[in-house]
Amino acid sequence: MLPPEILTLVIVLAVFLLGLVGVLLVARGKKPKTTYDQTRDADDQPQSGGVAVAEEGEETLTVERPPAEDLDRVEQAEVVEEIPVAPTVEKPEPVQGRLARLRARLVKTNNIFGKGLLSLLSTDDIDEDVWDEIEETLLLADLGTDASMELVDNLRDRVTIEGSKDPAAVKQMLREELIKLIDPTLDRSLDDDRLGTDPSVMMVVGVNGVGKTTTVGKLARVLVAEDKDVILGAADTFRAAAAEQLTTWGARIGVPTVRSDVEGADPASVAFDAVAAGVENEVDVVLVDTAGRLQNKAGLMDELGKIKRVIEKKAPVREVLLVIDATTGQNGLSQAKVFSEAVNVTGIVLTKLDGTAKGGIVVAIQRQLGVPVKLIGLGEGADDLAPFETEAFVEALLAE
Ligand SMILES: Nc1nc2c(ncn2[C@@H]2O[C@H](COP(=O)(O)OP(=O)(O)OP(=O)(O)O)[C@@H](O)[C@H]2O)c(=O)[nH]1
């Protein structure tokens, strides 16, 4: 039999050792925070941690919430990342040659413009009345007054100097003058590469209903077709269905969407979280959808500037794409002006060109803003967005 003091010591020691073993077991059970240490690719293993929400079968991304002070008094929104299960991930159509496939749509709607011009230029004697009619046709196609006058003047000079009445030669001159007006030297490429640790951040802006959300979805497909890793940010927190719509676009091609479940959440906060997720997960591009806003509402335009400033606490915004509905004609021009004053617009996306004979708006908008048309929307189909190519566009305008 052990003396009572020794027995007490043994019991105390045993209790201490058991406690120690317990603490070690709990500590081992905790998962360390994981981050990507390489560029993220479609075949990477799912990650966990942060505030990501994922259900069975979904990919999970790490989202580190930014400290409140980083958001410059931006209200914190409850942001979740959601990737609905997509039964099969679609493979978007290659970008190369898209305009060739969609050309028929441009030809169809701009047929009157092209045919009208060419028949006027085929007349034996192109007198002042004919030149007036040519100018009128150009104005009707939304080319704008300055550009229409410039084109007519240049064409008239060439026809006079070169003295040709051959319709094929005159058509060639018209083609060359149109190409010159649209300016094939403008850089229409998208700045879509990672720079160091920063993904390329692109904001998509514009008035209501022009096709912003659809454009973000289609653009994500263009980027995925070019092997880019993409994250979408649903900063259109105004229209309830927009986040859902965007999530669906993303899920179809395996691209995650950062969104908020709080209706009317602060768009700057959602945009920040999307970019933060993009940085942490080392994606190439973060595409941020924004709510449609009227260009005459100063508060809404200020909000756009704020979203950009907040994003830039994390990474620079490399593209601000202004979406303009081609069917709205001259109205699109005034929108373009106001938007470019609020945020530095780097490119135009001209949507719904399949539904208008006013292809001349391309020229008018570029001249007004000094910003190139980078993409054109030619239908409601998922792959009906094409990079703008000057020569192919002019060919389609003048097709017979
Ligand atoms: N025909 C045609 N329809 C298009 C094109 N682009 C978008 N649309 C349609 O335009 C409608 C509006 O598109 P959305 O993407 O919801 O527009 P939005 O600008 O996000 O709208 P708000 O969020 O309300 O401002 C949808 O029915 C689209 O399918 C296009 O190039 N051609």
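Residues numbered from 1 in each chain as written. Predicted model: local features only at pLDDT ≥ 70, side-chain atom pairs only at ≥ 80, totals over all residues. Heavy atoms only, no water.

Chemist: Now, about the overall build of the protein chain: what can you tell me, with residues and values included?
Modeler: When its secondary structure is counted, the protein chain shows twelve helices and nine strands. Sorting the 400 residues of the protein chain into buried and exposed places 51% on the buried side. The long-range fraction of contacts in the protein chain, counting pairs at least 24 apart against all pairs at least 6 apart in sequence, stands at 76%. When the accessible area of the protein chain is evaluated, it comes to approximately 18900 Å², of which 54% is carbon and sulfur surface. (Helix = DSSP H or I, 4+ residues; strand = E, 2+ residues; numbered from the N terminus. Buried < 20%, exposed > 50% of the residue type's maximum accessible area, 1.4 Å probe, protein only. Contact = heavy atoms within 4.5 Å. Areas by Shrake-Rupley, 256 points an atom, 1.4 Å probe, with all protein chains shown as cover.)

Chemist: I'd like a rundown of the packing of helix α4 (residues 145-162) against helix α5 (residues 167-182), residues and numbers included.
Modeler: Relative orientation of the contacting elements α4 and α5 amounts to 145°, with a least axis distance of 10 Å. Between α4 and α5 the crossing geometry is right-handed. Here α4 contributes A147, E150, L151, N154, L155, R158, V159 and E162 to the contact with α5, which in turn contributes M173, L174, E176, E177, L178, K180 and L181. Looking at the contact of α4 with α5 residue by residue, the class counts come to eight nonpolar, one polar and six charged. (Axes fitted to C-alpha atoms, helices over the stretch in contact; angles between N-to-C directions. Left-handed = near helix turned anticlockwise from the far one by under 90°. Nonpolar A, V, L, I, M, F, W, Y, C, P; charged D, E, K, R; others polar.)

Chemist: Kindly report on helix α7 (residues 240-252), identifying the contributing residues and their values.
Modeler: Considered for burial, the residues of α7 that qualify are A242, A243, L246, T247, W249, G250 and A251. Just downstream of α7, G254 is the residue with a positive phi angle, here 70°.

Chemist: Account for the site of the ligand, naming residues and giving values.
Modeler: The environment of the ligand is made up of 19 residues, and the closest members are K212, T213, T214, D354 and E380. The separation between an oxygen atom of the ligand and a polar main-chain atom of L378 is 3.5 Å. In isolation the ligand exposes 660 Å². Once the protein is present, 80% of that is buried. For the shell around the ligand, the element with the most residues is helix α6 (residues 212-225), which contributes four residues. Residues of the shell around the ligand, tallied by class, amount to two nonpolar, ten polar and seven charged. (Near = heavy atom within 4 Å. Polar contact = N/O pair within 3.5 Å; in protein donor to acceptor, adjacent residues only side chain to side chain.)

Chemist: If you had to explain the packing of aromatic side chains to someone new, which residues and values would you point to?
Modeler: Under the criterion given, the structure shown has one aromatic pair. Pairing F388 with F393 gives two aromatic rings, centres 4.9 Å apart and planes at 55°, and the pair type is tilted. On the accessibility criterion, F388 (5% relative accessible area) is buried. Here F393 falls in the buried class, since its relative accessible area comes to 0%. Note that R252 overlies the ring of W249, its terminal NZ or CZ placed 5.5 Å from the centroid. (Phe/Tyr/Trp six-rings, centres within 6.5 Å; stacked < 30°, edge-to-face > 60°. Lys NZ or Arg CZ within 6 Å of the ring centre and 35° of its normal.)

Chemist: Can you tell me about the UniProt feature "domain: SRP54-type proteins GTP-binding" (unreviewed entry) in the protein chain, naming the residues and giving the values?
Modeler: As annotated in UniProt, the feature "domain: SRP54-type proteins GTP-binding" (unreviewed entry) corresponds to residues 372-385 in the numbering used here. Secondary structure across residues 372-385 divides into 0% helix and 43% strand, with the first and last C-alpha atoms of the span separated by 16 Å. (UniProt positions renumbered as here; feature names shortened; annotations may be inferred.)

Chemist: Tell me about the nonpolar core, and name the residues and values.
Modeler: Counting 107 residues, the largest nonpolar core has L219, L287 and L350 as the members making the most contacts within it. At nine residues, the largest contribution of residues to this core is made by helix α2 (residues 98-121). Two domains each put at least three residues into this core: domain 1 (99-182) and domain 2 (200-345). Ignoring anything within four residues of it in the chain, the contact list for L219 reads L190, M202, L287, L321, L375 and L385. (Core = buried A, V, L, I, M, F, W, Y, C linked by side-chain atoms within 4.5 Å. Domains from an automatic or database assignment.)

Chemist: Help me get a handle on the pairing of strand β8 (residues 373-377), residues and values and all.
Modeler: Counting buried residues along β8, five of its five residues qualify, which places the element largely inside the surrounding structure. Across three bridges, strand β7 (residues 347-351) lies against β8 in parallel orientation. The residue of β8 that forms the bridge with V349 is L375. With helix α11 (residues 361-369) bridging β7 and its parallel neighbour β8, the resulting β-α-β unit is right-handed. Note that β8 and strand β9 (residues 385-387) share three bridges and pair antiparallel. Paired with I376 across the bridge in β9 is A386. (Pairing = 2+ DSSP bridges. Right-handed = clockwise from strand over helix to strand, strands pointing away.)

Chemist: Account for a negative patch on the surface, naming residues and giving values.
Modeler: Together, D124, D125, D127, D129, D132, E133 and E136 make up a region of like negative charge exposed at the surface. Owing to a relative accessible area of 44%, E133 belongs among the partly exposed residues under this scheme. (Patch = residues over 30% accessible without salt bridge, like charges linked within 9 Å, V, L, I, M, F, W, Y side chains within 5 Å. Salt bridge = Lys/Arg side-chain N within 4 Å of Asp/Glu carboxyl O. Lys, Arg positive; Asp, Glu negative; His and termini not counted. Charge placed at Lys NZ, Arg CZ, Asp CG, Glu CD.)

Chemist: Give me α4: which residues, what numbers.
Modeler: Along its 18 residues, α4 runs 26 Å from first to last C-alpha, staying within 8% of the 26 Å computed at 1.5 Å per residue. At its buried positions, α4 is contacted by α2, α3 (128-140), α5 and α11. Directly after α4, the chain includes G163, whose backbone phi takes a positive value near 60°. (Expected span 1.5 Å × (residues − 1).)

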